[in-house]
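Coordinate inspection notes
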Protein chains: 4
Amino acid sequence: MTLTFGVIGAGRIGQLHISYLQTHKDVKIKWISDLNCDKMEEWIAQAGIENKTKDHRDIINDPEVDAIIICSPTDTHVDIIKEASAQGKHIFCEKPISMSLEEAEEAVEAVKKSNIKLQMGFNRRFDKNFKQLHSILSEGELGQIQTLRITSRDPEPPPIEYIKRSGGLFMDMTIHDFDMARYLMQSEIVEVYASGDALVNPEIAEYDDIDTALITLKFENGSIAMIENCRRSVYGYDQRIEILGDNGAIDVGNEQSSTLNYHRVDGIRRDSPPYFFLERYSDAYKVEMNDFIDAILNDTDVLCSIEDGYKAQQIALKCQESLKTNQPQKL
Amino acid sequence: MTLTFGVIGAGRIGQLHISYLQTHKDVKIKWISDLNCDKMEEWIAQAGIENKTKDHRDIINDPEVDAIIICSPTDTHVDIIKEASAQGKHIFCEKPISMSLEEAEEAVEAVKKSNIKLQMGFNRRFDKNFKQLHSILSEGELGQIQTLRITSRDPEPPPIEYIKRSGGLFMDMTIHDFDMARYLMQSEIVEVYASGDALVNPEIAEYDDIDTALITLKFENGSIAMIENCRRSVYGYDQRIEILGDNGAIDVGNEQSSTLNYHRVDGIRRDSPPYFFLERYSDAYKVEMNDFIDAILNDTDVLCSIEDGYKAQQIALKCQESLKTNQPQKL
Amino acid sequence: MTLTFGVIGAGRIGQLHISYLQTHKDVKIKWISDLNCDKMEEWIAQAGIENKTKDHRDIINDPEVDAIIICSPTDTHVDIIKEASAQGKHIFCEKPISMSLEEAEEAVEAVKKSNIKLQMGFNRRFDKNFKQLHSILSEGELGQIQTLRITSRDPEPPPIEYIKRSGGLFMDMTIHDFDMARYLMQSEIVEVYASGDALVNPEIAEYDDIDTALITLKFENGSIAMIENCRRSVYGYDQRIEILGDNGAIDVGNEQSSTLNYHRVDGIRRDSPPYFFLERYSDAYKVEMNDFIDAILNDTDVLCSIEDGYKAQQIALKCQESLKTNQPQKL
Amino acid sequence: MTLTFGVIGAGRIGQLHISYLQTHKDVKIKWISDLNCDKMEEWIAQAGIENKTKDHRDIINDPEVDAIIICSPTDTHVDIIKEASAQGKHIFCEKPISMSLEEAEEAVEAVKKSNIKLQMGFNRRFDKNFKQLHSILSEGELGQIQTLRITSRDPEPPPIEYIKRSGGLFMDMTIHDFDMARYLMQSEIVEVYASGDALVNPEIAEYDDIDTALITLKFENGSIAMIENCRRSVYGYDQRIEILGDNGAIDVGNEQSSTLNYHRVDGIRRDSPPYFFLERYSDAYKVEMNDFIDAILNDTDVLCSIEDGYKAQQIALKCQESLKTNQPQKL
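Given the structure is predicted, the values throughout are model-derived calculations rather than measurements.

Overview of the domain arrangement of chain A
Residues and elements named next belong to chain A. Examined at the domain level, chain A breaks down into domain 1 (3-116) and domain 2 (125-281 + 311-330). Here the C-alpha centroids of domain 1 and domain 2 sit 28 Å apart. Counting each side, the surface lost to burial between domain 1 and domain 2 is near 880 Å², with a carbon and sulfur contribution of 68%. It is K95, M99 and L101 that lose the most area in domain 1 upon contact with domain 2, and together they represent 59% of the buried surface on that side. For the pair domain 1 and domain 2, the interface holds one salt bridge. Among the ionic pairs, D172 bridges to K95, the shortest N-O distance being 3.8 Å. On the surface where domain 1 and domain 2 come into contact, there are three residue pairs in polar contact (both at pLDDT 80 or more). Counting residues per element, the ones that place at least two in the side of domain 1 that touches domain 2 are helix 1 (12-21) and helix 5 (101-113).

If you want it as structure tokens, here you go:
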């Protein structure tokens, strides 16, 4: 059976999803919608996509379309989700749902009332290493968990223009780590305490944002966790997790770019980890799309739902409050 | 421009190449030839290949065919190469060319007289790590080389039935290492000394073969090298290289299956390397096919030629002689 | 020149210092004082120490004594420091100075008025790896620091009897990490936020203590830090540090107990790190004693002073307050 | 009980042994003999050794002396062993016994007739990592062994003056690896094949010696082994072992100089291994001396006997023959 897709938003991440969807035997991409689609004619032609539009409603209203991929700016997500779910289209939505919790709730409600699958784009859940860790934890091999630590550092800060519209570090970057923490711990976060500052680029502070953060999380099951974020690690994208339990600890290190070790007068060198998320999670992006397609075809649950998106967003907002007040915040 | 391919031999490795060729935008697989093709109807249909035959000449004589992939048994290689090169078909040929050096020479001559590209299936040259090592060595970063060491261990011995027809350890398994040694050292081997025995499975000795070997190589440039082979390493496929030069050493370790480290009462454990060649070299198989297609489309040199195949075969035969006589053998 | 020493408190750590001091060419141990010294006759004789007493004043009042080592219970430290400094004896004092900040201040004052050297027993400063990190940071190689992370996990919780008299996790265990944080960051801590619980042994909660903690530190220079403590890591003593700066990151891993790697069917195993502090810091204990002796002989500054002891204690107390109030605390 | 020692030869290695023996509670060093002892007065005085002589017979004839340490040039070893064993003195002798196999046999005979302990200075047997490997192999955990590989590379070649008197690479450097191979495999070597050249410093070839070697060993138990030597590895002393058996493989890596990892723009760096044998085997030198003293005091067997010294020497000479003739040599 072939599923007909429409992709809304053809920026970097939209194009990434398209390039994989095109190789999938059960998928046909019929539509692309982007405000700049006039300037993308060549790319769209090369990609072999029949229809382009500036209005995503053309996609949502096409009865042939089975599913949409939302990669447009965050402030469009909720409306698209509401419209598409009303039309019975399955939805893959990049994070976050919205900057506003009230709006996000409306989206959650809309999806609940419909019969569609909605999968959030928390790509890291689909990384083979983190999946393996999740599976070990699900089986209880570590016993009770005492602490969880997530390190997530970008290789370099985005341009200030991006920062301005990003929703802030917690909503833009840490949101992945909030989701990962919930996914691994399999317990809800009940309190957060966030500290941080613009330690890499002071200009970021002018836009009321930070580039470095240490966040303490408390879970319903009593475990505690720490997330560290920084917008810059000059040695590449740093994505590590450590967990300590009754029966031992597991750490998930960075992927290695090569298996070479250089033994020189000045020491032993190996290559830095993959540069950024496109390199690090290239497989995970495929797996998440595959899982979404499987969920539609087999009518099974998605691995990360709109509720997961809502929770991560809620935690991000509580962290913003904690940072502002310098007080722990309960959820 | 689309190249039309025929694949001769649809066993495990033939099917591997087909599965990648099918995703290549410039390739159409028109033919498959296999003696058992009657039993493979379903697979061939699913693979979307139009024509099947038991006689590879149907492929070679089809004027529409641009290139063939030879994955049939070794004793068919030379005839196919001679016929196909006479018809101007480009050839990708799995190793070895032949069990006989005289026959291999005929194949080399046939290719020389033609205008075709022939690429040998020394897949390891296309592994990103070994390529990176090759490139560092080409740039002379290590200075003069003193020693090279290649470790190549299979996870488990093949069935005795396979051993019987394999041509022996040197021709079947070490041939990859002989090619790697030449590729990396960029100098010719001038002498070999081989020792070895059936230390894993004594039954292998009954067929005049061995399962464990240590081989010393001397190169024209004065460097010396060692290859270690074993048909069994219970912890998985072990593919490592070390090289020592004036300015330091480089070692190329095994790929890791995951980035998890388990810290337990009894020590720190990480996962074994990928199980065998299909897992370890899955990318290399794609890259070699890509390079072959590029060489045809752009009329450039292949990365490993029939002469490379001939050399590796010659060294394998000299090692057989060395093992039998317990004497070093000059090339 | 030979220095005459008296050791006050001959428990585990006292005996450790004695065993090293005995091999030092410039040291003679003349006295040992311990309330249980009657039961230790054999050990004292074997150690070749001339005089034993239950009253440490015998040592302090002996004009031949140049320096004392304080390894007695914490509640005796301040009095001994005051008495010994009044008598001009140099002092090596195990941490903490006291459970009370007021008392600790008195000790600091007493030392200030005297002309003696007082070195606190923060043994980790003398570990070669952490010293190397300190030296790299002192030279500014990393540029500005964004984050520091200290992991400090004991292999197993002490007996409840020990817990009761320990002063609590922060004063007993984390105090080393507070000192390490100040030593490495070379800036003062201005705020703390502590979270934690009795997640390993709930009985510990009955004595108003915790066994697992995550602590956020803010520094005068703007950097932020995290300390993780746990009273149990079944895979051995876990002592790691990570620091991120403008020019990269440095992580200091655990020492390895052996250099063996076992490659088996179920993965690759290496030995756990050294079991606990006596194994992990055996060299550091020698170096700290050596440095103390050198400071006396050459009249140079000690590497960690009573002020360092006071600061660490102050931070520990603020963390206790933070934990109790669930509020960040300023220093 | 105190053992009275005399040390014959006060060069670098003699002084190393003296410095440790001086800290041993059961040892008194009464004598030192060295042809240059007149120039060493200050050092001898500082070391607190009562008597010095140019004639080692003064030591051997002193009835108070229990044991001697032979660190004088190789050509003096056999005479000293014969004389000392006749006088009932226990002997610790640096390798090799002699350059001549006939002379070595005389020494073996002399020791056999006496009742003394003679321990050869194969210090690597006393390294904790190699001991651990030996113990695992003794317990048969790996099952039958297929291959053993020993890598032994010095950081830089010795001066040509040293090379001239060294007895050649096999006798001077590889002799340790021959002993290690026998120690670990617990089976005798029955055949050798040696290849090598002066690839680091061509001047070494003028003295009929080599600086790089690859040696194949065959054992009585059927296993095969490879030793690699090079007089130069610019990244430090490289001392590694790998062994492959039925149930897996074990590799023993280099010790690490520090536990720091530097993550920079150009990759991840760690420190080189310890520079040379004095740093790498500092503990092993103590353990071997300790074991020798224990063997005397408890009348137990030494861990490496004069027969072990003889065997290693015999293998070295066979390798010289193999290199000269380019033929495998049987033992």
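Once you've had a look at it, read on.
Brief notes about the pairing of strand 7 (residues 145-153) of chain C
Residues and elements named next belong to chain C. When you tally the buried positions in strand 7, you get nine out of nine residues, the bulk of the element. Here eight bridges tie strand 7 to strand 11 (residues 238-245), and the two strands are oriented antiparallel to one another. Counted as the bridge partner of S152 is Q239 from strand 11.

Looking at the relation of the copies chain A and chain C
For these two chains of identical sequence, chain A goes onto chain C by a turn of 180 degrees and a shift of 0.0 Å along the axis, with RMSD 0.0 Å. As the rotation angle and translation indicate, the two copies are arranged about a two-fold axis. When C-alpha distances to the rotation axis are compared across chain A, the minimum falls at Q327 of chain A, with a value of 3.2 Å. A symmetric contact is evident, with 100% of the interface residues of chain A recurring at the interface of chain C.

A short note on the pattern of salt bridges
Residues and elements named next belong to chain D. Summed over all chains, the structure comprises 136 salt bridges over all chains. Its salt-bridge partner being R125, residue D308 comes within 3.6 Å of it at the nearest N-O pair. Note that D308 is positioned in helix 12 (residues 306-325) and R125 in the loop between strand 6 (118-120) and helix 6 (128-138), a separation of 183 residues in sequence. The same class applies to D308 as to R125, namely buried. One salt bridge connects D127 with R280, and the closest N-O pair in it is separated by 2.7 Å. Pair noted here: D127 is in the loop between strand 6 and helix 6 and R280 is in helix 10 (residues 277-280), with a separation of 153 residues, a long-range link. Take D127 and R280: they sit in the same class, and that class is buried.

Describing the sheet that holds strand 1 (residues 3-8) of chain C
Within a beta sheet, neighbouring strands are joined by backbone hydrogen bonds and run either parallel or antiparallel to one another. All names here are of chain C. Sheet architecture is open: six strands sit in the order 3-2-1-4-5-6, paired in parallel fashion. With one partner strand each, in any of the chains shown, strand 3 (51-53) and strand 6 (118-120) form the two edges of the open sheet. When the angles between neighbouring strand axes are averaged without regard to direction, this sheet yields 20 degrees. Summarising the sheet, strand 1 and strand 2 (residues 27-33) pair through six bridges and their orientation is parallel. Each bridged residue has a counterpart across the sheet, and for F5 the counterpart in strand 2 is I29.

A word on the UniProt feature "domain: Gfo/Idh/MocA-like oxidoreductase N-terminal" (unreviewed entry) in chain A
Mapped onto the present numbering, the UniProt feature "domain: Gfo/Idh/MocA-like oxidoreductase N-terminal" (unreviewed entry) falls at residues 4-122 of chain A. Span residues 4-122 of chain A is 39% helix and 22% strand, its end C-alpha atoms 23 Å apart.

Considerations on the interface of chain D and chain A
You'll often see interface size given as the accessible area lost when the parts meet. Taken residue by residue, the interface counts 13 residues in chain D and 14 residues in chain A. For the pairing of chain D and chain A, the buried interface totals around 1,200 Å² over both sides, and the portion due to carbon and sulfur atoms is 55%. A per-residue breakdown of the area chain D buries against chain A is headed by I268, R269 and R270 of chain D, which together make up 42% of the total. Here chain D and chain A share six residue pairs in polar contact (both at pLDDT 80 or more) between them. Of all the secondary-structure elements, those providing two or more residues to the side of chain D that touches chain A are strand 13 (260-264) and strand 14 (267-270) of chain D. When residues of the side of chain D that touches chain A are assigned to their parent elements, the largest contribution, four residues, is made by strand 14 of chain D. When strand 14 (residues 267-270) of chain A meets strand 14 of chain D, the two strands line up antiparallel, connected through three bridges. Note on strand 14 of chain D: the bridge partner recorded for R270 of chain A is I268 of chain D.

Cut-offs used in this document
Residues numbered from 1 in each chain as written. Chains lettered and ligands numbered in written order. Predicted model: local features only at pLDDT ≥ 70, side-chain atom pairs only at ≥ 80, totals over all residues. Heavy atoms only, no water. Domains from an automatic or database assignment. Buried area = accessible area lost by both parts, 1.4 Å probe. Salt bridge = Lys/Arg side-chain N within 4 Å of Asp/Glu carboxyl O. Polar contact = N/O pair within 3.5 Å; in protein donor to acceptor, adjacent residues only side chain to side chain. Helix = DSSP H or I, 4+ residues; strand = E, 2+ residues; numbered from the N terminus. Buried < 20%, exposed > 50% of the residue type's maximum accessible area, 1.4 Å probe, protein only. Pairing = 2+ DSSP bridges. Least-squares fit on C-alpha atoms with pLDDT ≥ 70 in both. Contact = heavy atoms within 4.5 Å. Axes fitted to C-alpha atoms, helices over the stretch in contact; angles between N-to-C directions. UniProt positions renumbered as here; feature names shortened; annotations may be inferred.

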